[in-house]
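# Residue-level structural notes
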Amino acid sequence: MKKIIDLSDLMVDQLNELYNGNKLLLASLSSIQSSIHDATLADMVNNEVESIEGQIMHLKRAFDMIYVQQRKTTAYVFEALVQRLTDLIRQSADAEIKDAAIVTALQHSNHYKIAGYGAVCTYAKMLDLFPLASLIHQSLEQEKMMDKKLAMRAEEVINKKAQIGNL
């Protein structure tokens, strides 16, 4: 394992984690779509799948921009997030709880990606890699927007339906 000796190395490490993690999330989201009960949430997950596919393309471009080849790394946090999503779906007693659990798990992964994309943007700016920062910023904004949409849907519909089942 290569030592991280400067900010550029740390940025590349984060890009690799985001790249490999997004690939894991993509496979996971594709497999859970049949578990979703709420039609709007299903549409949101479909949009998230498309967004992640775009983010993977952005990350490939990012590696090209800095003349670095992406490498296969273990994305431990993403693996844990995917496992947690799977566990929550399996443990959910009914469709409404399952939808609420899916939103929770998706928000956890979005928040982690927001932190990662935010860090890469900051590093890229500090290293005067403004085109890279701009490219990654697009993914950062997509994640923030998805987080807001998930939170709104959860608050307005999904969590209320899940609560009704327990009253």
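Residues numbered from 1 in each chain as written. Predicted model: local features only at pLDDT ≥ 70, side-chain atom pairs only at ≥ 80, totals over all residues. Heavy atoms only, no water.

Turning our eyes to something else, we now look at the environment of Cys121. Here Cys121 is to be found in helix 4 (residues 95-126). Measuring from C-alpha to C-alpha, the distance between Cys121 and Ala133 comes to 4.6 Å, with twelve residues separating the pair along the chain. (Helix = DSSP H or I, 4+ residues; strand = E, 2+ residues; numbered from the N terminus.)

With that settled, the discussion passes to unusual backbone geometry. The phi dihedral of Tyr67 falls on the positive side, at around 55°, and the residue is not glycine. Relative accessible area serves as the criterion here: at 77%, Tyr67 is assigned to the exposed category. Although it is not a glycine, Asp128 sits at a positive phi angle of roughly 60°. For Asp128, the position within the fold is in the loop between helix 4 and helix 5 (130-164). For Asp128, a relative accessible area of 56% translates into the label exposed. (Buried < 20%, exposed > 50% of the residue type's maximum accessible area, 1.4 Å probe, protein only.)

Core analysis: the largest hydrophobic core is formed by 49 residues, its most contacted members being Met11, Leu15, Leu41, Ile102 and Ile136. Elements supplying a minimum of two residues to this core: helix 1 (7-32), helix 2 (39-65), helix 3 (76-91), helix 4 and helix 5. If one sorts the elements of this core by residue count, helix 4 sits on top with 13 residues. If we ignore the near neighbours within four places in the chain, the residues touching Leu41 are Ile36, Asp99, Ile102, Val103, Leu150 and Ile158. (Core = buried A, V, L, I, M, F, W, Y, C linked by side-chain atoms within 4.5 Å. Contact = heavy atoms within 4.5 Å.)

Below, the discussion takes up the pattern of salt bridges. A pair can form between side chains of opposite charge whenever their charged atoms are brought close. Going through the model one piece at a time under the given rule, you end up with six salt bridges. For Lys113, the salt bridge goes to Glu48, with nearest N and O atoms at 3.8 Å. Note that Lys113 is positioned in helix 4 and Glu48 in helix 2, a separation of 65 residues in sequence. Look at Lys113 and you get buried, because its relative accessible area is 0%. Asp87 is paired through a salt bridge with Arg90; the nearest N and O atoms lie 3.4 Å apart. With Asp87 and Arg90 both in helix 3 and three residues apart, the pair spans about one turn of that helix. Relative accessible area serves as the criterion here: at 59%, Arg90 is assigned to the exposed category. When salt bridges with common partners are traced through the structure, they connect Glu48, Lys113 and Glu143 into a single cluster. (Salt bridge = Lys/Arg side-chain N within 4 Å of Asp/Glu carboxyl O.)

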